[in-house]
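# Examining the three-dimensional arrangement
What follows is the residue order along each chain.
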Amino acid sequence: MNNLNTIPDLMNDKLVDMVFITEFTGLTDKWFYKLMSEGQFPKPIKMGRSSRWLESEVKSWLMVRITESRS
């Protein structure tokens, strides 16, 4: 059962698509699908044939990469 503290605040978050992710990062969609298959990028939220990600998860993932590269 989910703890209410772990449920994202959807009122303050957006669902984004792969176009947003690739434009935001400058990396290709193939790169992200490879990372997903390796468990290194958040899994998509499936809506029928569409995939979406929480913008906060994408930005958190990127901040971790930035922090790791600066260590």
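Source: prediction; values computed, not measured.

### Brief notes about helix H2 (residues 29-37)
Those residues of H2 not exposed but buried are Phe32, Leu35 and Met36. What you see down the axis of H2 is that its buried residues fit within an arc of 100 degrees, all on one side. For H2, exposure combined with an orientation more than 90 degrees from the buried face picks out Lys30 and Ser37. Buried residues belonging to H2 abut helix H1 (18-25), strand S3 (50-54) and helix H3 (55-70). Phi turns positive, to about 75 degrees, at Gly39, one or two residues after H2.

### As for the environment of Leu15
With respect to the helices, strands and loops of the structure, Leu15 is situated in strand S1 (residues 15-16). When the C-alpha positions of Leu15 and Glu57 are compared, they lie 9.9 Å apart, and in sequence the two are 42 residues distant. Those residues in contact with Leu15, other than ones at most four positions away along the chain, are Ile45, Met47, Arg52, Trp53 and Leu54.

### Structural notes on the confidence of the model for the protein
Do not read the predicted coordinates in detail wherever pLDDT is low. Per-residue pLDDT for the protein has a mean of 92; in total, 89% of the residues score no lower than 70. Ranking the elements of the protein by mean pLDDT puts strand S2 (residues 45-47) last, at 96, and H1 first, at 98.

### Digging into the sheet that holds S2
Within a beta sheet, neighbouring strands are joined by backbone hydrogen bonds and run either parallel or antiparallel to one another. Strand order in the open sheet formed by three strands is S1-S3-S2, with antiparallel pairing between adjacent strands. Lying at the two open borders of the sheet, with one neighbouring strand each, are S1 and S2. Summarising the sheet, S1 and S3 pair through two bridges and their orientation is antiparallel. Residue pairing for S3: Val16 is matched across the bridge by Trp53. Relative to the sheet, H3 contacts S1 and S3, its axis offset from that of S3 by approximately 65 degrees.

The rules behind these values
- Residues numbered from 1 in each chain as written.
- Predicted model: local features only at pLDDT ≥ 70, side-chain atom pairs only at ≥ 80, totals over all residues.
- Heavy atoms only, no water.
- Buried < 20%, exposed > 50% of the residue type's maximum accessible area, 1.4 Å probe, protein only.
- Helix = DSSP H or I, 4+ residues; strand = E, 2+ residues; numbered from the N terminus.
- Arc of directions from axis to C-beta.
- Contact = heavy atoms within 4.5 Å.
- pLDDT = per-residue confidence, 0-100.
- Pairing = 2+ DSSP bridges.
- Axes fitted to C-alpha atoms, helices over the stretch in contact; angles between N-to-C directions.

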